[in-house]
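Survey of secondary and tertiary structure
Below, each chain spelled out in residue letters.
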Amino acid sequence: MATQTATVAAAGSTTSGKPKEKKSQEVIAAEFQQLRNQQLNLVNNLNAIELDLKEHKTVIDTLKMVEPSRKCFRLVGGVLVEQTVEVVLPQLELNKTQLEKLIEEGKEQIAKKGIEINQYKDEHNIKIRGQEPTPPAASDKENAADDKSSGNRNVLIGNL
């Protein structure tokens, strides 16, 4: 996604009755790339949170098999704190649920950003190099009919 470059076919449009100033192709391409970078940052943040969640689940599963009075250490704000399993486990489970909520919110933000990118792309008639346009529905039906009629196209028959 990050290696593709955008080309702009047309600039400017009117929405909500107010005419917008015509933007140059460079400005439109820069704004489009900025939107894509924002979405990429959201994805990277989501991946980091998912990794934290996975680590939390691993630690929780491990601590559940240990006696509650056993001593354990927890990193809090860069400081290693000595506590017991019965104190740490509920805190970790609370953090896990908060991480799960953050992941859901992150997925929603990524989806909204994708919609925003698509709207911007449509509004400014942006085409991505290397990305093929979607074929018309009629040709899809013809291709499907050709595939069905060919039957055993890939079967080799020879004399034995």
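Below: a short report on this structure. (Residues numbered from 1 in each chain as written. Predicted model: local features only at pLDDT ≥ 70, side-chain atom pairs only at ≥ 80, totals over all residues. Heavy atoms only, no water.)

Comments concerning the overall build of the protein
Each helix and strand counted, the protein has 3 helices and 6 strands in total. Listed by position from the N terminus, the elements making up the protein come as β-β-β-α-β-β-α-β-α. Burial analysis of the protein (160 residues in total) assigns 18% to the buried set. Within the protein, contacts between residues separated by at least 24 positions form 65% of all contacts whose residues are at least 6 apart in sequence. Total accessible area computed for the protein in this model is approximately 12300 Å², and 53% of it derives from carbon and sulfur atoms. (Helix = DSSP H or I, 4+ residues; strand = E, 2+ residues; numbered from the N terminus. Buried < 20%, exposed > 50% of the residue type's maximum accessible area, 1.4 Å probe, protein only. Contact = heavy atoms within 4.5 Å. Areas by Shrake-Rupley, 256 points an atom, 1.4 Å probe, with all protein chains shown as cover.)

Some remarks on helix H1 (residues 25-64)
A rise of 1.5 Å per residue sets the reference length of H1, with its 40 residues, at 58 Å; its end C-alpha atoms lie 58 Å apart and thus fit the reference within 8%. Along H1, the residues classified as buried are Ile 28, Phe 32, Leu 35, Arg 36, Gln 39, Leu 46, Leu 53, His 56, Ile 60 and Leu 63. (Expected span 1.5 Å × (residues − 1).)

As for helix H2 (residues 85-123)
Under the 1.5 Å per step criterion, the end-to-end length of H2 is 56 Å for 39 residues, consistent within 8% with the ideal 57 Å. Looking one or two places after H2, you find Asn 125, whose phi comes out positive at around 50 degrees.

Quick word on the pairing of strand E4 (residues 71-76)
Sheet faces and side chains relate simply in a regular strand, where the side chains alternate between the two faces. Here E4 runs beside strand E5 (residues 79-84); their pairing, made up of 6 bridges, is antiparallel. Note on E5: the bridge partner recorded for Lys 71 is Thr 84. Hairpin connection of E4 to E5: 2 residues between the antiparallel strands, including Gly 77 at a positive phi of 60 degrees. (Pairing = 2+ DSSP bridges.)

Quick notes on the environment of Ile 117
As for its position among the elements, Ile 117 is in helix H2. Taking the C-alpha atoms as reference points, Ile 117 and Glu 31, separated by 86 residues in sequence, lie 9.9 Å from one another. Setting aside residues up to four positions removed in sequence, Ile 117 forms contacts with Phe 32, Leu 35, Arg 36 and Gln 39.

Description of a negative patch on the surface
Taken together, the side chains of Glu 100, Glu 104, Glu 105 and Glu 108 present a region of like negative charge at the surface. Tracing the chain through its elements places Glu 108 in helix H2. For Glu 108, a relative accessible area of 47% puts it in the partly exposed group. (Patch = residues over 30% accessible without salt bridge, like charges linked within 9 Å, V, L, I, M, F, W, Y side chains within 5 Å. Salt bridge = Lys/Arg side-chain N within 4 Å of Asp/Glu carboxyl O. Lys, Arg positive; Asp, Glu negative; His and termini not counted. Charge placed at Lys NZ, Arg CZ, Asp CG, Glu CD.)

A few points about the packing of H1 against H2
Here H1 crosses H2 at 160 degrees, and the two axes come no closer than 8 Å. Between H1 and H2, the interaxial angle falls into the category roughly antiparallel. Two packed elements cross with a definite hand, and for H1 against H2 that hand is left-handed. The residue makeup of the contact of H1 with H2, split by class, is 22 nonpolar, 7 polar and 13 charged. (Axes fitted to C-alpha atoms, helices over the stretch in contact; angles between N-to-C directions. Parallel < 35°, antiparallel > 145°, perpendicular 65-115°, else oblique. Left-handed = near helix turned anticlockwise from the far one by under 90°. Nonpolar A, V, L, I, M, F, W, Y, C, P; charged D, E, K, R; others polar.)

Description of the packing of aromatic side chains
In the structure shown here, the tally under the stated rule is 1 aromatic pair. Ring geometry for Phe 32 and Tyr 120: centres 6.5 Å apart, planes at 15 degrees, overall stacked. Pair noted here: Phe 32 is in helix H1 and Tyr 120 is in helix H2, with a separation of 88 residues, a long-range link. Judged by its relative accessible area of 1%, Phe 32 falls in the buried class. (Phe/Tyr/Trp six-rings, centres within 6.5 Å; stacked < 30°, edge-to-face > 60°.)

Concerning the pattern of salt bridges
Tallying each qualifying case throughout the model produces 4 salt bridges. Across the pair Glu 31 and Lys 23 runs a salt bridge whose closest N-O atoms are separated by 2.8 Å. What makes Glu 31 partly exposed here is its relative accessible area of 25%. Judged by relative accessible area, which is 29%, Lys 23 ranks as partly exposed. Lys 71 is paired through a salt bridge with Glu 82; the nearest N and O atoms lie 3.9 Å apart.

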